[in-house]
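# Structural characterization, general
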Amino acid sequence: QVQLVESGGGLLQAWGSLRLSCAASGRTFSSTAMGWFRQAPGKEREFVAGISRSGGTYYADSVKGRFTISRDNAKNTVYLQMNSLKSEDAAVYYCAAALGVAFSNIPVLPGRYDSWGQGTQVTVSS
């Protein structure tokens, strides 16, 4: 198991920027694919971005070109840089870790992830 703790959420105005961090414990971080998901009130949890063990990335169409996911295996941390934030980006953001994934694979379904953080709130005012 991997324990995950998100940080960096907050309140900001539309078109602002924010960077979320997710610190992982355990020695298996470099062996995991990592993902960021979000859930707004009354909506299902949705995939936002993922990064494979090889460093490849994949984004939901709604955030492509505005969000960037990255990982630092030396620090056991994954980041989500969010730029040009819109009101529809407001949600609780969760990071997740998937074990046993092929080197270049990035799962997009929540059920494929084994560990989840507690979430961090992002609020965007228009």
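Here is a short report on the structure shown in this document. The structure displayed is predicted, hence computed values, not measured ones. (Residues numbered from 1 in each chain as written. Predicted model: local features only at pLDDT ≥ 70, side-chain atom pairs only at ≥ 80, totals over all residues. Heavy atoms only, no water.)

## Let's talk about the layout of surface pockets
Of the volumes computed, that of the largest pocket is approximately 160 Å³. Lining the largest pocket, in full, are Arg 38, Gln 39, Ala 40, Lys 43, Glu 44, Glu 46, Ser 87, Glu 88, Ala 90 and Ala 91. Looking at the lining of the largest pocket residue by residue, the classes come out as 3 nonpolar, 2 polar and 5 charged. (1 Å grid on protein atoms, 1.4 Å probe; cavity = no way out; pocket = protein on both sides within 12 Å on 5 of 7 lines; lining within 4 Å. Points joined across faces, edges and corners; volume = space filled by probe spheres on them. Nonpolar A, V, L, I, M, F, W, Y, C, P; charged D, E, K, R; others polar.)

## Points about unusual backbone geometry
Positive phi is not limited to glycine here, since Asn 76 has a value of about 55°. Inspection of the secondary structure puts Asn 76 in the loop between β7 (67-72) and β8 (77-82). Despite not being glycine, Ser 84 has its phi angle at roughly 50°, a positive value. One can find Ser 84 in the loop between β8 and β9 (91-98). (Helix = DSSP H or I, 4+ residues; strand = E, 2+ residues; numbered from the N terminus.)

## Quick word on the state of the cysteines
Within the structure shown, the criterion is met by 1 disulfide. There is a disulfide in this structure between Cys 22 and Cys 95, and the S-S distance comes to 1.9 Å. Its S-S torsion of about 50° marks the bond between Cys 22 and Cys 95 as right-handed, since a negative value means left-handed. Here Cys 95 lies in strand β9 and Cys 22 lies in strand β3 (residues 18-25), a separation of 73 residues in the sequence. For the pair Cys 22 and Cys 95, one class covers both residues: buried. (Disulfide = S-S within 2.5 Å. Buried < 20%, exposed > 50% of the residue type's maximum accessible area, 1.4 Å probe, protein only.)

## Quick notes on the pairing of strand β5 (residues 46-51)
Burial runs high along β5: 5 of the 6 residues are buried. Of the pairings in the sheet, the one linking strand β4 (residues 33-39) to β5 comprises 5 bridges and is antiparallel in character. The residue bridging Arg 38 from the neighbouring strand is Glu 46, located in β5. The hairpin turn running from β4 into β5, its antiparallel successor, is 6 residues long, and Gly 42 in that turn takes a positive phi close to 80°. (Pairing = 2+ DSSP bridges.)

## As for the nonpolar core
Counting 29 residues, the largest nonpolar core has Trp 36, Leu 80, Met 82 and Tyr 93 as its most contacted members. Secondary structure elements with two or more residues in this core: β3, β4, β5, β7, β8, β9 and β11 (120-125). By size, the runner-up hydrophobic cluster in this structure holds 8 residues, among which are Phe 37, Phe 47, Ala 98 and Ile 106. (Core = buried A, V, L, I, M, F, W, Y, C linked by side-chain atoms within 4.5 Å.)

## As for the sheet that holds β3
Taking strand neighbours across the sheet as the criterion, the 4 strands line up as β1-β3-β8-β7 in an open arrangement whose pairing is antiparallel. If you trace the sheet from one side to the other, it starts and ends with β1 (3-7) and β7, each paired once. The sheet shows a mean angle of 15° between the axes of neighbouring strands, taken without regard to direction. The sheet contact formed by β7 and β8 spans 6 bridges and is antiparallel. Looking across to β8, one finds that Arg 71 is bridged to Val 78. (Axes fitted to C-alpha atoms, helices over the stretch in contact; angles between N-to-C directions.)

Purely spatial values, then, with no claim about function.
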